Amino acid sequence: MASVLSDYIKKEQMLKQLQEELQALENNSELKKELEFNEKLQALMTEHGKLARDVCEMLDPSYRSASVKGTKTSSTDGRKKRPLKVYKNPHTGEVVETRGGNHNVIKEWKAEFGNEEVVSWVVEERA
């Protein structure tokens, strides 16, 4: 009971401190200027049907190409290719190659023998 009460008191003190900090920010003239600028910019973008991305591209033409370069990967769908794992069942000698854990045979093996054991059956991993 006491820990709940002390937790409540701490949270209440934190709330008061945050309210004081918020009040100080609201009285800050620099913040007021930035909020006014932001409001006017948003209204201007809405008036002209532009997004923030469009404005950034207008102000800095290299903006779009720099952001696109950083996100591309080698695969066609934008994701990195998973490594190919080769599993060999020691009980049957069956070999399965897969890039993911959604393979039906692997699922069956995991249901029968358990995840940890089947993971230990990986004999090769290729990029």
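It should be noted that the structure appears before, not after, this text.
Position numbers for residues start from 1 in each chain and track the written sequence from start to end. Under the rules for a predicted model, residues below a pLDDT of 70 receive no local features and side-chain atom pairs below 80 are neither given nor counted, while totals for whole chains, interfaces and linings still include all residues. The side-chain values count all of the structure's non-hydrogen atoms but skip hydrogen atoms and water molecules.

Enquirer: Honestly, the overall build of the chain in this entry has me stumped. Any pointers?
Expert: Secondary structure assignment for the chain yields six helices and three strands. For the chain, the succession of helices and strands along the chain, N to C, is α-α-α-α-β-β-α-α-β. Relative accessibility decides the category of a residue: with a 1.4 Å probe and only protein chains considered, values under 20% of the type maximum give buried, values over 50% give exposed, and everything between is partly exposed. Counting only residues that meet the buried cut, the chain has 9% of its 127 residues in that class. By sequence separation, contacts in the chain at least 24 residues apart represent 33% of the contacts at least 6 residues apart. Surface accessibility in these figures is a Shrake-Rupley result with a 1.4 Å probe; residues are shielded only by whichever protein chains are displayed. Of the roughly 10900 Å² of accessible surface on the chain, 54% is carried by carbon and sulfur atoms. Strands here mean DSSP runs of E at least two residues long; helices mean DSSP runs of H or I at least four residues long; both are numbered from the N terminus. Contacts are assigned to residue pairs that have any heavy atoms within 4.5 Å of one another.

Enquirer: Even after reading the chapter, I still don't get the pairing of strand 2 (residues 95–98), so can you show me in this structure?
Expert: The side chains of a regular strand alternate between the sheet's two faces. Side chains of strand 2 alternate between two faces, with Val 96 and Thr 98 buried and Val 95 and Glu 97 left unburied. Bridge count between strand 1 (residues 84–88) and strand 2: four bridges; the pairing is antiparallel. From the neighbouring strand, Tyr 87 faces strand 2, where its bridge partner is Val 96. With antiparallel pairing between neighbouring strands as the criterion, strand 1 and strand 2 make up a hairpin whose turn holds six residues, including Gly 93 at a positive phi of roughly 80°. Note on pairing: DSSP must find at least two bridges between two strands before they are called paired.

Enquirer: Before we go on, may I ask you to explain the side chain of Asn 89 in this structure?
Expert: Here Asn 89 is to be found in the loop between strand 1 and strand 2. Judged by relative accessible area, which is 2%, Asn 89 ranks as buried. Other than its neighbours up to four places away in sequence, Asn 89 contacts Glu 94, Trp 109, Phe 113 and Trp 121.

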